[in-house]
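Fold and contact review
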Amino acid sequence: MPLTFELCPGRMIGGSNPCFIIAEIGQNHQGDVEIAKKMIKMAKDCGADCAKFQKSELECKFNKKALERPYNSKHSWGKTYGEHKRHLEFSHEQYRELQKYATEVGIFFTASGMDEMAVEFLHELNVPFFKVASLDANNFPYLENTAKKGRPMVVSSGMQSMETMRRVYQTVKQHNENFTILQCTSAYPLEAEDVNLRVITEYQKEFPDIPIGYSGHEIGISISVAAVAMGAKVVERHVTLDKTWKGNDHSASLEPAELAELVRSIRLVERAMGTGIKQMLPCEKPCHDKLGKSVVAKVKIPKGTVLTLDMLTVKAAEPMGVRAEVIFQLVGKSVTQDIDEDESVVPEMVEGYSKNKKN
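Residues numbered from 1 in each chain as written. Predicted model: local features only at pLDDT ≥ 70, side-chain atom pairs only at ≥ 80, totals over all residues. Heavy atoms only, no water.

The line we're drawing: UniProt positions are given in the numbering used here, feature names are shortened, and annotations may be inferred rather than shown by experiment.
The name an unreviewed UniProt entry assigns to the protein chain is N-acetylneuraminate-9-phosphate synthase, from the organism Sphaeramia orbicularis. As recorded by UniProt, the Catalytic activity (unreviewed entry) comment attached to the protein chain reads in full: "aldehydo-N-acetyl-D-mannosamine 6-phosphate + phosphoenolpyruvate + H2O = N-acetylneuraminate 9-phosphate + phosphate". The UniProt entry for the protein chain carries the following comment under Subcellular location (unreviewed entry): "Secreted".

Observations concerning the overall build of the protein chain
For clarity, the cut-off: A run of DSSP states H or I qualifies as a helix once it reaches four residues; a run of E qualifies as a strand once it reaches two. Both are numbered from the N-terminal end. Radius of gyration means the value over C-alpha atoms here, while the globule rule gives 2.2 Å times the residue count to the 0.38 power. Three exposure classes are used, based on accessible area relative to the maximum for each residue type with a 1.4 Å probe and protein chains only: buried under 20%, partly exposed in between, and exposed over 50%. Contacts are assigned to residue pairs with any non-hydrogen atoms lying within 4.5 Å of each other. Only the protein chains shown count as covering a residue, and every accessible area follows the Shrake-Rupley method with a 1.4 Å probe. All tallies of charge rest on Lys and Arg as positive and Asp and Glu as negative; His and the ends of each chain are not included. Taken as the charge centre is NZ of Lys, CZ of Arg, CG of Asp or CD of Glu, depending on the residue.
The helix and strand inventory of the protein chain stands at 13 helices and 12 strands. Taking 21 Å as the expected radius of gyration for a compact globule of 359 residues, we find that the protein chain reaches 30 Å, considerably beyond that expectation. Taken over the C-alpha atoms alone, the protein chain extends approximately 100 × 40 × 40 Å along its principal axes. Counting all 359 residues of the protein chain, 50% fall into the buried class. Across the protein chain, contacts joining residues at least 24 apart in sequence account for 65% of those joining residues at least 6 apart. Carbon and sulfur atoms make up 51% of the accessible area of the protein chain, which amounts to about 17300 Å² in all. For the protein chain, the separation between the mean place of its 46 positive charges and that of its 48 negative charges on side chains is 1 Å.

Considerations on the side chain of Thr164
The topology assignment puts Thr164 in helix α8 (residues 162–173). In contact with Thr164, not counting residues within four places along its chain, are Asn138 and Phe140.

Topic: the packing of aromatic side chains
Rules: Note on ring pairs: Phe, Tyr and Trp rings are taken, using the six-membered ring of Trp, and paired if centres are within 6.5 Å. Classes follow the plane angle, with under 30 degrees stacked, over 60 edge-to-face and the rest tilted. We count a charge as sitting over a ring when the NZ of a lysine or the CZ of an arginine lies within 6 Å of the ring centre and within 35 degrees of the ring normal.
Scanning the entire structure with this criterion turns up 12 aromatic pairs. Ring centres of Tyr71 and Tyr81 lie 5.1 Å apart, and the angle between their planes is 80 degrees; on these two criteria the pair is classed as edge-to-face. In this pair, Tyr71 sits in the loop between α3 (64–68) and α4 (81–88) while Tyr81 sits in helix α4, placing the two residues 10 residues apart along the sequence. Accessibility expressed as a relative area gives 13% for Tyr71, which makes it buried. Judged by centre distance (6.3 Å) and plane angle (70 degrees), the ring pair of Phe90 and Tyr95 falls under edge-to-face. Its end group placed over the ring of Tyr81, Arg69 keeps NZ or CZ at 4.4 Å from the ring centre.

Examining helix α9 (residues 198–206)
Quick note on the threshold: Think of the arc as the fan of directions from the helix axis to the C-beta atoms.
Of the residues making up α9, those classed as buried are Val199, Ile200 and Tyr203. Considered in projection along α9, the buried side chains sweep an arc of 105 degrees and stay on one side of the axis. Set apart from the buried face of α9 by more than 90 degrees, the exposed residues are Arg198 and Lys205.

Topic: the pattern of salt bridges
For the record, the criterion: Here, a salt bridge means any Lys or Arg side-chain nitrogen found within 4 Å of an Asp or Glu carboxyl oxygen.
Across all of its chains, the model carries 25 salt bridges by this definition. The network of salt bridges with shared partners includes Arg11, Asp49, Arg267 and Glu270.

Examining the domain arrangement of the protein chain
Basically, it comes down to this: Start and end points for every domain follow an automatic or database-based domain assignment.
On domain assignment, one finds that the protein chain holds domain 1 (13–273) and domain 2 (282–349). Look at where the C-alpha atoms of domain 1 and domain 2 centre, and you get two points 61 Å apart.

Some thoughts on the nonpolar core
Burial of nonpolar side chains together is a common tendency in soluble globular proteins. Convention followed: Nonpolar cores were defined as sets of buried Ala, Val, Leu, Ile, Met, Phe, Trp, Tyr and Cys residues, with membership established by side-chain atoms within 4.5 Å.
Core analysis: the biggest nonpolar cluster contains 65 residues, and Ile40, Phe53, Met153, Ile181 and Leu259 have the highest contact counts within it. Top contributing element to this core by residue count: helix α1 (residues 33–46), with 8 residues. Ignoring sequence-local partners within four residues, the contact set of Ile40 consists of Ile25, Ala51, Phe53, Leu98, Tyr101, Ala102, Ile107 and Phe109.

Quick notes on the layout of surface pockets
The cut-off we apply is this: Only protein atoms enter the 1 Å grid, on which a cavity is a set of points fitting a 1.4 Å probe that cannot get out and a pocket is an open set with protein on both sides within 12 Å along at least 5 of 7 lines, lining residues being those with an atom within 4 Å of a point. Grid points are joined across faces, edges and corners, and a volume is the space filled by probe spheres set on the points. Side-chain classes follow a simple rule in which Ala, Val, Leu, Ile, Met, Phe, Trp, Tyr, Cys and Pro form the nonpolar group, Asp, Glu, Lys and Arg form the charged group, and the remainder, Gly included, forms the polar group.
Considered as a void within the structure, the largest pocket measures approximately 620 Å³ in volume. If you trace the largest pocket, you find 35 residues lining it, with Gln54, Lys85, Tyr188, His238 and Asp249 closest to the centre. Top contributing element to the lining of the largest pocket by residue count: α4, with 4 residues. When the residues that make up the lining of the largest pocket are grouped by side-chain class, the tally is 11 nonpolar, 16 polar and 8 charged. Empty space within the second largest pocket amounts to approximately 230 Å³. Taken together, the residues of the lining of the second largest pocket sort by class into 5 nonpolar, 4 polar and 2 charged.

As structure tokens, this is what we get:
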């Protein structure tokens, strides 16, 4: 299976590719298409890679009693849970309208298919990838049917055990090589103590041949940035235009300034990750030339003297002598000229010490 793959047309994830940042609009649009468009544009302006929604076919996702139960929450858009969800659910035509708008804006567009009928619609809509919400991570018939459709998949893992996620991996893998698993804790907002970033490392060990990511519901951006430093190749965060709006997700969502800062910080961390090869870099040369230490004569050393360690010391010197880390290699060698006390010991002064050696 690939450690990198094309999640969206022309956009690879994994490996050294930039972290793919998903702005999860979800249902924070208040059931208003124009607000949804503003949020798509906001996600694009802030630098996110993808604007994502949540699509449900309510009668397929919920049973009748679940839809009929009273819903008296301050976040309710109706007297029953069904009325509430119907207010927030966009029609197929509205989804096509939003997809067209996202294309015009220049941002990838997809949605979590919250049930199998919703996945069928999203497949027809030709979304670039399927997002599997945490609540469906243990829904194995759903996972198998979704994987068989052949589109890349992003699978959240809130509320699941490692044993279940191993089954998820094996189930999807049988039918689809292009998927990623996101560490996630399903609480809104999420306390830092419950984030469990170390699961990212455990996933990397358990599933070394797929990219691993992070879906966060915490307040602020620091933890999500840390996830990228730990190797997350996909980051998903809920977004809103106003945290005070009605809805459970808004308080755990990022407003535009926070989303923009998240993107900026992730890109900064990516630049800082480097190659893992430890060596002196060109940017360090001015500091090295000014303050780097080298070998200096601790005492006056006559020509022909065989060097001992007590004749030598290390200082920031002008000119720079033999580099400090090779001082032991000078012991036992003869000097070819008189060296004054406190004078730099340069390679030419030491018999058998090649000028071609790293000084």
